[in-house]
Amino acid sequence: MAKKQHGFTLITVLILTSMASIVVLNSLRENIVQERMSGNFQKKMNSRLLAEKGVFEEAKLLQQALLNDQTLDIDGLIAATGNAFGSGLIGDDATYHASITKNAAGELEIASLGQRYDGDAQSNLVARFGLIPGNNLTPYSDAIIGCRGVSLGGSGKITSYDSTDASYAGNDADVRTTVHNANVTLNGTGTIKGSVASTGSIIVSSSQSVEGDLWANKDITFPSGTSTWSTKINGNILANGNVQLKDMMVNGYVRTEKNLTLNNGVHVNHSTADIPDILYGGSVLSSSSYTNNSVVKTLPDTAYVEGLTVPNVAGLDPDDPTSSPIYIKDQCDPLNISTLSELNALGPFPDLQLTNNTKKITLNENKAVFTDNGTVTEYLPKEVTVLGRVQENMYFFNNLTVNGGSLDALLAGAENKKVAVYVAGDFTITASGESHFKIHKGVSLSLYVMGKIHIRTSPIVEETIVKLTPSDAYAFNIYSGYKSGDGSLSCKDKDGASDKFGIYIASNTEMYATIYAPDTDVRVDAGAQYTGSIRGGSVSNCGNGETRYDVALKNITSGGGSSSGAKIAFLGWSYKVPAQAPEEPVEEPVEPTI
């Protein structure tokens, strides 16, 4: 008879229960591990997304800086773009911080750190961007640019208008220099409808009205004699050097890093309550009183600011002659005019003397026809690369003189075209009553000259802005590769001036032109209105006619075409492990002394 097995069922149940408990506990542990891994992954994803947000926000700032100033280069963009930082929508502990630098390859590099839970989860993201410049830099960003100096000695106004916008009513006729210690002298009587910026000093020696600012890397001085002048500055006065004021009105504020002189008759009518009228960083070398909106004031103690800093014109350090302009537009010769002489290799070229009304030449996109007393000579154009751009329909001559003859640039077909002339020697248009120079509608004429340019009869321009495909162009563009002059400025000796300047214009009829001559001295004695822009090694503007800056030139490039904006291009990105903060050394406990 079999023995009864007491308790076996209980033991079996306990064994099965234990095994089930082990399985459940293992599963629970695995679930906890999976949950923690999911949480860590989620936090990591949050930090990575925050790092990406930082890149996008910094890229927005970068793009906005470029939209504000299309002439910025990479270093200028970095200087103009701030850092992006903020928090995400999921909580205040979700943050990002992005900054921008230039890497070894010359690319823009945005580094962004995203963090979650006070840094428990971090992700570093680095995005690379490239700067794609526009199709070319416009050298016509201001009314008058004199690299080594500017002298305004006539009675004519300097104004601005927009040939493409009849509703324009701005004051953009700016005057500036670009080379270290290059002065601007204002000894005329005409109003300047813009600002004056000098990399040297600004010397005002006559009654002058300026609608914008006076801004100098050195001193700004006004007449120190006893005469009463009617000088009015509607903007601000800013100087890295000394400021000397006398018998004048400033409707903005005054800032000088060094000494301040307030002679009699100084009115500073700045009216913003929370911005001081005058600040200086040196000493007051005169009376400390001035007039503000008919109220006589005395400089308060707070007007002196130790270490006062005024921004530098063109980014040039006035105490460091080796410093370079921050922006390309502030360079003297952004187009590298020295390459123009390379076209001489295509020579030799014929002389063209249009010395009486029987000698005429017509230029179009197909051919140039020279007629001399019934004898016809034809020239065919070439397509060449000049100043970094392809120039089509170019004709070549050694010296070109219009003295009683005629020169016409016109169209052969119905489509508007660019036509160019290269002159290896001098280009001259005399004041002879028979001299005729006309640029017909639909033609943009560019004149490239290695010798001197003397114009005493202005060309007739039928159309200021020529509509072209794919871009527009100015009707008459002058480029000079002539090298002469030391930056000396003069509005004296008008009769002999043509021998002292690489470009001399003394016309009594209206003239429409751009002038690019960074290596030579330019003098304009316009008796009538001159419209366009002037860039020279130095510029003496001595005429009584109005100088009118066409602001449409801000969008026209060196080749005469419309400029396309610079762009930011995404090049790629990579995630990086956040740099670990160095651990602080653990100090050994100090044993107690018995």
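Scope of this entry: the structure provided in the associated data block.

Each value, and the rule that gives it
- Residues numbered from 1 in each chain as written.
- Predicted model: local features only at pLDDT ≥ 70, side-chain atom pairs only at ≥ 80, totals over all residues.
- Heavy atoms only, no water.
- Helix = DSSP H or I, 4+ residues; strand = E, 2+ residues; numbered from the N terminus.
- Buried < 20%, exposed > 50% of the residue type's maximum accessible area, 1.4 Å probe, protein only.
- Contact = heavy atoms within 4.5 Å.
- Areas by Shrake-Rupley, 256 points an atom, 1.4 Å probe, with all protein chains shown as cover.
- Pairing = 2+ DSSP bridges.
- Disulfide = S-S within 2.5 Å.
- Salt bridge = Lys/Arg side-chain N within 4 Å of Asp/Glu carboxyl O.
- Core = buried A, V, L, I, M, F, W, Y, C linked by side-chain atoms within 4.5 Å.
- Phe/Tyr/Trp six-rings, centres within 6.5 Å; stacked < 30°, edge-to-face > 60°.
- Polar contact = N/O pair within 3.5 Å; in protein donor to acceptor, adjacent residues only side chain to side chain.
- Patch = residues over 30% accessible without salt bridge, like charges linked within 9 Å, V, L, I, M, F, W, Y side chains within 5 Å.

**Looking at the overall build of the protein chain**
And then number 1: A tally of helices and strands in the protein chain yields two helices and 47 strands.
And then number 2: In the protein chain, buried positions account for 47% of the 594 residues.
And then number 3: Sequence separation of at least 24 residues holds for 57% of the intrachain contacts in the protein chain that already meet a minimum separation of 6.
And then number 4: Carbon together with sulfur atoms contributes 51% to the accessible area of the protein chain, which is approximately 28300 Å² in total.

**Some remarks on the sheet that holds strand S27 (residues 359-363)**
And then number 1: Read from one edge to the other, the open sheet built from six strands follows the order S29-S28-S27-S33-S36-S39, with strand pairing classed as mixed. Each edge of the open sheet is held by one strand with a lone partner, namely strand S29 (375-379) and strand S39 (460-461).
And then number 2: Sheet topology note: the strand S36 (residues 436-439)/S39 ladder contains two bridges and is parallel. By the bridge assignment, Lys438 is partnered in S39 with Ile460.

**Overview of the state of the cysteines**
And then number 1: Summed over all chains, the structure comprises one disulfide.
And then number 2: The disulfide partner of Cys147 is Cys332, and the gap between their sulfur atoms is 2.1 Å. For the disulfide bridge between Cys147 and Cys332, the dihedral angle about the S-S bond is near 95°, and by the sign convention the bridge is right-handed. Taken together, the positions of Cys147 in the loop between strand S5 (144-146) and strand S6 (150-152) and Cys332 in the loop between strand S25 (295-298) and strand S26 (352-354) put the pair 185 residues apart, joining distant regions of the chain.
And then number 3: A relative accessible area of 0% places Cys147 in the buried class.

**A few points about the pattern of salt bridges**
And then number 1: Counted under the stated rule, the structure contains 11 salt bridges.
And then number 2: A salt bridge links Lys102 to Asp75; its shortest N-O distance comes to 3.1 Å. One end of the pair, Lys102, is in strand S2 (residues 95-102); the other, Asp75, is in helix H2 (residues 74-80), and 27 residues separate them in sequence.
And then number 3: Counted as one network, the salt bridges with shared partners bring together Lys53, Glu57 and Lys60.

**Details of the pairing of strand S7 (residues 158-161)**
And then number 1: Residues Ile158 and Ser160 point to one face of S7 and Thr159 and Tyr161 to the other, with burial holding for every one of them.
And then number 2: In terms of strand pairing, S7 meets strand S46 (residues 547-550) through four bridges, oriented parallel. The partner of Thr159 across the bridge, within S46, is Arg548.

**Regarding the nonpolar core**
And then number 1: Counting residues in each nonpolar core, the largest one holds 104 residues, and the members touching the most others are Leu214, Ile237 and Phe427.
And then number 2: Looking at this core element by element, the count peaks at eight residues for strand S44 (residues 511-524).
And then number 3: Sequence-distant contacts of Phe427, defined by excluding residues within four places in its chain, comprise Leu400, Phe437, Leu447, Val449, Lys452, Ile453, His454 and Ile455.

**Some thoughts on the packing of aromatic side chains**
And then number 1: All chains considered together, the criterion is met by 10 aromatic pairs.
And then number 2: Centroid distance Phe396 to Tyr422: 5.8 Å. Interplanar angle 55°. Geometry classified as tilted. Residue Phe396 is found in strand S31 (residues 389-397), and its partner Tyr422 is found in strand S34 (residues 417-423); the two are separated by 26 residues along the sequence.
And then number 3: Residue Phe396 is classed as buried on the basis of its relative accessible area, which comes to 10%.
And then number 4: Exposure remark for Tyr422: the relative accessible area of 0% places this residue in the buried category.

**Concerning unusual backbone geometry**
And then number 1: Residue Pro348 follows Gly347 across a cis peptide bond; omega there is 10°.
And then number 2: Secondary-structure assignment places Pro348 in the loop between S25 and S26.
And then number 3: The phi angle at Ser294 is positive, at roughly 75°, despite the residue not being glycine.
And then number 4: Topologically, Ser294 is positioned in the loop between strand S24 (289-292) and S25.

**What to know about the pairing of S36**
And then number 1: Examined bridge by bridge, strand S33 (residues 406-409) and S36 share four bridges and lie parallel to one another. Pairing of Ala409 across the sheet is with Ile439, part of S36.

**Focus: the side chain of Ser533**
And then number 1: Mapped onto the fold, Ser533 is located in strand S45 (residues 530-541).
And then number 2: Given a relative accessible area of 2%, Ser533 falls into the buried group.
And then number 3: Among the polar contacts made by the side chain of Ser533, one reaches the main-chain carbonyl oxygen of Asp142 at a distance of 2.8 Å.
And then number 4: Every residue in contact with Ser533, bar those within four places of it in the chain, is listed here: Tyr140, Asp142, Ala143, Ala513, Thr514, Ile515, Tyr549 and Leu553.

**Quick look at the side chain of Thr178**
And then number 1: One can find Thr178 in the loop between strand S8 (175-176) and strand S9 (184-186).
And then number 2: Sequence-distant contacts of Thr178, defined by excluding residues within four places in its chain, comprise Ile145, Gly146, Cys147, Thr199, Leu316, Asp330, Gln331 and Cys332.

**Remarks on a nonpolar patch on the surface**
And then number 1: Judged by side-chain polarity, Ile11, Ile15, Leu16 and Met19 come together as a nonpolar surface patch covering roughly 410 Å² of accessible area.
And then number 2: Positionally, Ile15 belongs in helix H1 (residues 8-68).
And then number 3: The class for Ile15 is partly exposed, based on a relative accessible area of 46%.

**Examining the environment of Asn357**
And then number 1: By the secondary structure assignment, Asn357 is in the loop between S26 and S27.
And then number 2: Asn357 gets classed as partly exposed once you look at its relative accessible area, which sits at 45%.
And then number 3: For Asn357 and Gly405, which are 48 residues apart along the polypeptide, the C-alpha to C-alpha distance reads 4.4 Å.
And then number 4: If we ignore the near neighbours within four places in the chain, the residues touching Asn357 are Gly404, Gly405 and Glu434.

**A closer look at the environment of Leu131**
And then number 1: In this structure, Leu131 sits in strand S4 (residues 121-132).
And then number 2: Sequence separation between Leu131 and Ile568 is 437 residues; the distance between their C-alpha atoms is 4.9 Å.

Everything listed here is a matter of geometry and, on its own, says nothing about what the molecule does.
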